[in-house]
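So you can see what is in the structure, the chains are spelled out below.
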Amino acid sequence: MLDAPDHSIVGTNNLALAEKFFSDFGLKATFSEKLSEAASSILYGIDRSCQQLMMRTPGTVPGIRLVETPHKTPKRDPLDTRGYAVDIYARNMATAVKHAQANGYQTLPLANWELDGKSVQECRVLGPEGLSIVLIDGDIKRPNIMDKDASRDFSEIGAFVNLVHDANLDKDFWTQRGGLTELRNANFDGTPMVAMMELPRANLQMRFALYWSGADAPNTAKVELVSCEVSPVGPLIPLLPLASEYGPIAFKVDVPGARAFAQRVIQDLEHTSFAVACLEGQKREVVRAISPAGVAFELWCRED
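Since the model is a prediction, treat every value here as computed from it, not as a measurement. (Residues numbered from 1 in each chain as written. Predicted model: local features only at pLDDT ≥ 70, side-chain atom pairs only at ≥ 80, totals over all residues. Heavy atoms only, no water.)

Undergrad: When you look at the overall build of the protein in this model, what are you seeing that I'm missing?
TA: Tallying secondary structure elements over the protein gives six helices and 17 strands in all. In summary, the protein has a C-alpha radius of gyration of 18 Å against a globular reference of 19 Å for 304 residues, a match within 12%. Each principal axis of the C-alpha atoms in the protein carries an extent, and together these give about 45 × 40 × 35 Å. Per-residue burial for the protein yields a buried fraction of 53% across its 304 residues. Pairs at least 24 apart in sequence give 68% of the contacts found in the protein among residues at least 6 apart. When the accessible surface of the protein is summed, it comes to about 12,600 Å², and 50% of that surface belongs to carbon and sulfur atoms. Of the side-chain charges in the protein, 31 are positive and 39 negative, and the distance between the mean point of each set is 2 Å. (Helix = DSSP H or I, 4+ residues; strand = E, 2+ residues; numbered from the N terminus. Rg over C-alpha atoms; globule rule 2.2 N^0.38 Å. Buried < 20%, exposed > 50% of the residue type's maximum accessible area, 1.4 Å probe, protein only. Contact = heavy atoms within 4.5 Å. Areas by Shrake-Rupley, 256 points an atom, 1.4 Å probe, with all protein chains shown as cover. Lys, Arg positive; Asp, Glu negative; His and termini not counted. Charge placed at Lys NZ, Arg CZ, Asp CG, Glu CD.)

Quick look at the structure:
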């Protein structure tokens, strides 16, 4: 079974600019390495060796891996299927918004709503190359690194968010085939999200689904799928190449028979061939695929 997602790939034309964006919200560079020309071609459709930089929030697992790509940020409509954002908790929303603006980022109007009777406040921060971070405050916050360190204003990544046409299309995939647990799968009124998500109108029915390894897992990051009743059916983002934007969600597979397990997960899905590549200095076999709902993901296999 899959563990929680380890990181998200982010394609970028400017490593320094993308690194600054994520570092402004608590992530730090932890490992820099070259991806071979062969692996770059198979996984990302890039015909040369490319630089990559791993970033993680200190003391936590979920991360961002920046991958240098020559492919520009494509034009996307607000609800197109794609990697959309990462969710990060803020200690105090007003302070977090001022911090984002002071660092030169645009913040969209706050979304205020309730979930299970608990308050939720969200702010979408727009970064370079079409990147977004969604800051979350309110009673909804789950345990996170800020609970252990009063000096921090931001948590680790709580969820890797993907927009899809229909969040229900992946229900069986992530649970039955991937072995993750469904935390939530519910409809909600999109009215509070109109400005934050640039929706076409109020009163749209939306759905979000969350999958994770459980509250007691070392890594509690979630795969999050969001869909809307007017989400376009297609076209889905092609498997290749990696553009300058959010890319696949990556999972480490560190079990006996890792490659065989990965082959079962990607069976009948669009996928690349396996490539040999290093991830944080460890040699692994990796494959990239697209889930039934259109979520791009990678499986980094190492036989323990």
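There is more to say after this.
Undergrad: Can you walk me through empty space enclosed by the protein in this structure?
TA: Where empty space is left in the structure can be found by rolling a water-sized probe over the atoms. Applying the stated rule across the entire model yields one cavity of 30 Å³ or more. As for the largest cavity, its lining consists of Ser8, Gly83, Tyr84, Ala85, Val86, Phe160, Val161, Asn162, Tyr246, Gly247 and Ile249. Going through the elements one at a time, strand E5 (82-90), strand E10 (154-163) and strand E14 (246-253) are the ones with two or more residues in the lining of the largest cavity. Top element by residues in the lining of the largest cavity is E5. It accounts for four residues. (1 Å grid on protein atoms, 1.4 Å probe; cavity = no way out; pocket = protein on both sides within 12 Å on 5 of 7 lines; lining within 4 Å. Points joined across faces, edges and corners; volume = space filled by probe spheres on them.)

Undergrad: Just checking my understanding: could you explain the pattern of salt bridges for this structure?
TA: In a structure, side chains of opposite charge can pair up when their charged atoms sit close to one another. Per the stated rule, a full pass over the model turns up 15 salt bridges. With its nearest N and O atoms 3.0 Å apart, the salt bridge here joins glutamate 298 to arginine 65. Of the two residues, glutamate 298 sits in strand E17 (residues 296-301) while arginine 65 sits in strand E4 (residues 63-68), which places them 233 residues apart along the sequence. For the residue pair glutamate 298 and arginine 65, the accessibility class agrees, reading buried in each case. A salt bridge links arginine 302 to aspartate 254; its shortest N-O distance comes to 3.8 Å. With arginine 302 in the segment after E17 and aspartate 254 in the loop between E14 and helix H6 (258-265), this pair connects stretches of sequence that are 48 residues apart. For arginine 302, a relative accessible area of 27% gives the class partly exposed. (Salt bridge = Lys/Arg side-chain N within 4 Å of Asp/Glu carboxyl O.)

Undergrad: I keep staring at the layout of surface pockets and nothing clicks. Help me out?
TA: Reported here for the largest pocket is a volume of approximately 570 Å³. Along the walls of the largest pocket sit 29 residues, with Asp87, Ile136, Phe208, Leu210 and Glu224 positioned nearest its centre. Looking at which element gives the most residues to the lining of the largest pocket, the answer is E10, with four residues. Residue composition of the lining of the largest pocket, by class: 19 nonpolar, one polar and nine charged. In terms of lining, the second largest pocket is formed by 22 residues, of which the most central are Pro143, Asn144, Glu156, Pro218 and Thr220. Counting residues per element, the lining of the second largest pocket draws most heavily on E10, which supplies four residues. Taken together, the residues that form the lining of the second largest pocket break down as eleven nonpolar, seven polar and four charged. (Nonpolar A, V, L, I, M, F, W, Y, C, P; charged D, E, K, R; others polar.)

Undergrad: Which parts of the structure should I look at to understand the environment of asparagine 13?
TA: Tracing the backbone through its elements, the reader meets asparagine 13 in the loop between strand E1 (7-12) and helix H1 (15-23). Each C-alpha atom, one on asparagine 13 and one on leucine 239, is 19 Å from the other, the two residues being 226 residues apart in sequence. Setting aside chain neighbours within four positions, we find asparagine 13 in contact with Thr69, Pro70, His71, Lys72, Glu129 and Ser244. A distance of 3.2 Å separates the side chain of asparagine 13 from the backbone oxygen of histidine 71, its partner in a polar contact. (Polar contact = N/O pair within 3.5 Å; in protein donor to acceptor, adjacent residues only side chain to side chain.)

Undergrad: What should I look at first to understand the pairing of strand E9 (residues 132-137) in this one?
TA: A regular strand places its side chains so that they alternate between the two faces of the sheet. Judged by how many residues are buried, E9 sits mostly within the fold: six of six residues are covered. Residues Ser132, Val134 and Ile136 point to one face of E9 and Ile133, Leu135 and Asp137 to the other, with burial holding for every one of them. The pairing of E5 with E9 spans four bridges and is parallel. Residue pairing across strands places isoleucine 88 opposite leucine 135, the latter belonging to E9. Direction of pairing for strand E8 (residues 118-126) relative to E9: antiparallel, over a ladder of six bridges. Bridge pairing in E9 links glutamate 122 to isoleucine 136. Taking the residues between adjacent antiparallel strands as the criterion, E8 and E9 are bridged by five residues, where glutamate 129 takes a positive phi near 55 degrees. (Pairing = 2+ DSSP bridges.)

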